[in-house]
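# Chain and residue survey
So you can see what is in the structure, the chains are spelled out below.
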Amino acid sequence: ISVNDPVTGGVHCSLGDDPQFDFLVTSTLASQGPQAVGRAVAIEHLPAAQRWPSDAISYVSCGDGSVNNSEWLSAVNAAELVAHRRRACPVLFCVSDNGLSISFKTGTWTASWAEQRLGMRVFAADGTSLPQLLRASQEAADYVRGSRQPATLLLSNLPRRFGHAATDRQSAYL
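So, here is what we can say about the structure in this document. (Residues numbered from 1 in each chain as written. Predicted model: local features only at pLDDT ≥ 70, side-chain atom pairs only at ≥ 80, totals over all residues. Heavy atoms only, no water.)

## Here's the deal with helix α2 (residues 70-84)
- If you check α2, its first and last C-alpha atoms are 20 Å apart, about what 15 residues at 1.5 Å a residue would give, namely 21 Å.
- Contacts from the buried residues of α2 go to α1 (32-43), β3 (58-63), β4 (91-97) and α3 (109-117).
- Two or three places before E71, at the start of α2, stands the capping residue N69, its side-chain oxygen 2.7 Å from that residue's backbone nitrogen.
- The first or second residue beyond α2 is R86, which carries a positive phi of 60°. (Helix = DSSP H or I, 4+ residues; strand = E, 2+ residues; numbered from the N terminus. Expected span 1.5 Å × (residues − 1). Contact = heavy atoms within 4.5 Å. Polar contact = N/O pair within 3.5 Å; in protein donor to acceptor, adjacent residues only side chain to side chain.)

This is the structure in structure tokens:
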């Protein structure tokens, strides 16, 4: 990507067009998780001139295969530690669960992981139901905004239209 690109300025995976509010995301499996937790903690500690809206939250998403990745587990653990210490950590983790990871079928693992492992509040919705998706998303965001604590939004049955990479067997995802 060229540094002359007017949208990204040469940065890979950039979102937004306002230097104060845009984000850089990564394409490496689950490495966006720790950055999102850091951003959530920083929201509460910015100087007044750089302060974000008082209800700002950090949002990060991944697929079901990423919940086993050390980067994602570190992010979840860090968010729960900050919350345990009674500090603000307004981060919303979203996990899209289509039951199919790059290298294996996840089956019911993701829902079990969320239920058994997470100490934070979990909101769930069927990814094929727009009313459920909207309701759970709004409830999760409202919870994080109001409590300033982390939460997870778990989207099950979320159809994937294509593989994760060009090298994937595309027919395995259809």
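## Brief notes about unusual backbone geometry
- A positive phi angle, near 60°, is found at R86, a position not held by glycine.
- Along the polypeptide, R86 turns up in the loop between α2 and β4.
- You can call R86 exposed: its relative accessible area is 77%.
- Positive phi outside glycine occurs at R148, with the angle close to 60°.
- Exposure remark for R148: the relative accessible area of 12% places this residue in the buried category. (Buried < 20%, exposed > 50% of the residue type's maximum accessible area, 1.4 Å probe, protein only.)

## Observations regarding the sheet that holds strand β5 (residues 121-126)
- One open sheet holds the 4 strands; their spatial order is β3-β4-β6-β5, and the pairing between them is parallel. Sheet topology places β3 and β5 at the edges, where each strand pairs with a single neighbour. Here the strands of the sheet are splayed against their neighbours by 20° on average, with no regard to which way each runs.
- In the sheet, β4 pairs with strand β6 (residues 151-156) via 6 bridges, with the strands oriented parallel. Paired with L92 across the strands is A151, a residue of β6. (Pairing = 2+ DSSP bridges. Axes fitted to C-alpha atoms, helices over the stretch in contact; angles between N-to-C directions.)

## A word on the environment of V37
- Structurally, the position occupied by V37 is in helix α1.
- For the pair V37 and C89, spaced 52 residues apart in sequence, the C-alpha to C-alpha distance is 7.0 Å.
- Those residues in contact with V37, other than ones at most four positions away along the chain, are A75, A78, A79, C89 and F93.

## Some remarks on the packing of aromatic side chains
- Counted by the stated rule, this structure contains 2 aromatic pairs.
- The interplanar angle of 75° and the centroid separation of 5.3 Å between the aromatic rings of W72 and F93 together place this pair among those described as edge-to-face. Of this pair, W72 sits in helix α2 while F93 sits in strand β4, placing them 21 residues apart in sequence.
- Considering the side-chain rings of F123 and Y143, the 5.8 Å spacing of their centres and the 50° angle between planes classify their relative orientation as tilted. Of this pair, F123 sits in strand β5 while Y143 sits in helix α4 (residues 130-147), and the two are 20 residues apart along the sequence.
- Directly above the ring of Y143 sits R121, whose terminal nitrogen or CZ lies 5.0 Å from the centroid. (Phe/Tyr/Trp six-rings, centres within 6.5 Å; stacked < 30°, edge-to-face > 60°. Lys NZ or Arg CZ within 6 Å of the ring centre and 35° of its normal.)

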